[in-house]
Amino acid sequence: MLISPQNSTLHVQNVRSRIRQAAVAAGRDPAAVTLVAVTKAQTAESIRLAATAGVTDFGENYLQEALAKMDQFAGQALRWHFIGGIQSNNTRAMAERFDWVHSIDRLNIARRLAEQRPFHAAPLSLCIQVELVPEPNKGGVIPSEVRQLADAIAQLPKVRLRGLMCVPPPQADAAAERGVFARLRVLLEELNANGHELDTLSMGMSGDFESAIAEGATLVRIGTALFGHR
Ligand SMILES: *Cc1c(COP(=O)(O)O)cnc(C)c1O
């Protein structure tokens, strides 16, 4: 599907208004929810249109694809979020080029990012990906292992653990979605009760972001609802 500039703006405005409504319905400040536009399989032109419509945060899943597009926005004040599976030989470019990495599920990766983050750069923001619903090949640590990983990441230089992220499979209804997201919120609350100071729940995609916001999402990662089907 070709997206005209007007259409793209329309989608951004539509998603923003749904985010606002979900936040207000939950008694939350809409400004506390950051929209990350997920641009995997989208062109640099789509990114440019979304940026023109005021989107500042972009999420990418595949490193090489991301770097090629990011090169076209050098010098623009966009924030880049890596949200895909991570191979250890990819960490250097991530440490150098991204602002956030959401999909940390082992200490080895966080260590490499800490070592490879340029000296002059701000700390790299990290989230631990949690597998709340067991699925083959999905990535993420199981809930019982989150605490140990968080404690270890908190000791690393040049990275800042910001919170938790999840990518649950589609659920039967909104109540079931909220049940899953509530578990991520409780895990974050438990970490903060144990000395962490985490401010980020990265949860909610096109199909379930309203449920995620109801359970405290501070960052929603949205592709299809903004850009149409990939
Ligand atoms: C693709 C993807 C999204 C966005 O999914 P949509 O359903 O298109 O909104 C969000 N998070 C992750 C980790 C993804 O891979």
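The rules behind the values
- Along each chain, the written sequence defines residue order, and numbers are assigned to residues from 1.
- Only residues with pLDDT of at least 70 get local features here, since the model is predicted, and only at 80 or more are side-chain atom pairs given and counted; chain-wide, interface and lining totals rely on the full set of residues.
- Side-chain measures here rest on the full set of heavy atoms in the structure, leaving out hydrogens and waters.
- Throughout, the term near means that a residue has one or more heavy atoms lying within 4 Å of the molecule or strand in question.
- Two N or O atoms form a polar contact when they lie within 3.5 Å of each other; inside protein one atom must be a possible hydrogen donor and the other a possible acceptor, and for residues adjacent in sequence the pair counts only when both atoms belong to side chains.
- In these tables, accessible area is a Shrake-Rupley quantity obtained with a 1.4 Å probe, and a residue counts as shielded only by the protein chains included in the view.
- Think of it as three bins: nonpolar holds Ala, Val, Leu, Ile, Met, Phe, Trp, Tyr, Cys and Pro, charged holds Asp, Glu, Lys and Arg, and polar takes everything else, Gly as well.
- Here, any two strands with at least 2 DSSP bridges between them count as paired.
- Segments assigned H or I by DSSP are reported as helices when at least four residues long, segments assigned E as strands when at least two residues long, and all are numbered from the N terminus.
- Convention used here: a crossover is right-handed provided that the path from the first strand, over the helix, to the second strand proceeds clockwise when the strands point away from the viewer.
- Each reported salt bridge corresponds to a side-chain nitrogen of Lys or Arg within 4 Å of a carboxyl oxygen of Asp or Glu.
- We call a residue buried when its accessible area falls under 20% of the maximum for its residue type, exposed when it is over 50%, and partly exposed in between, using a 1.4 Å probe and counting protein chains only.

So, about the site of the ligand. Near the ligand, the surroundings consist of 13 residues, among which Lys40, Asn61, Ser206, Gly223 and Thr224 are the closest. At 2.7 Å from an oxygen atom of the ligand is found a side-chain nitrogen or oxygen belonging to Asn61. Isolated, the ligand exposes 390 Å² of accessible area, and the fraction of that covered by the protein chains is 89%. Of the residues that constitute the shell around the ligand, the class distribution is six nonpolar, four polar and three charged.

Let's shift gears to the pairing of strand 3 (residues 79–82). Each regular strand displays side chains that alternate between the two surfaces of the sheet. Inspection of the sheet shows strand 2 (residues 57–60) paired to strand 3 by four bridges, in the parallel sense. Bridge assignment links Phe58 to a residue of strand 3, and that residue is Trp80. Regarding topology, helix 3 (residues 63–70) serves as the crossover connection from strand 2 to the parallel strand 3, and that connection is right-handed. At this point the chain moves from strand 3, through helix 4 (residues 91–97), to the parallel strand 4 (residues 100–104), and the crossover so formed is right-handed.

Moving on to the pattern of salt bridges. If you walk through the whole model with that rule in mind, you get 14 salt bridges. Here Glu135 and Lys138 are joined by a salt bridge, their closest N and O atoms 2.8 Å apart. A relative accessible area of 25% means that Glu135 is categorised as partly exposed. Among the residues examined, Lys138 registers a relative accessible area of 30% and is labelled partly exposed. Here Glu215 makes a salt bridge to Arg185, at a shortest N to O gap of 2.7 Å. Of the two residues, Glu215 sits in the loop between helix 8 (209–214) and strand 8 (219–222) while Arg185 sits in helix 7 (residues 174–193), which places them 30 residues apart along the sequence. The class for Glu215 is buried, based on a relative accessible area of 8%. Taking relative accessible area as the criterion, Arg185 reaches 26% and is therefore assigned partly exposed. Here the residues in one salt-bridge network are Arg178, Arg185, Glu189 and Glu215, joined through shared partners.

Any functional reading would require information beyond the geometric quantities listed.
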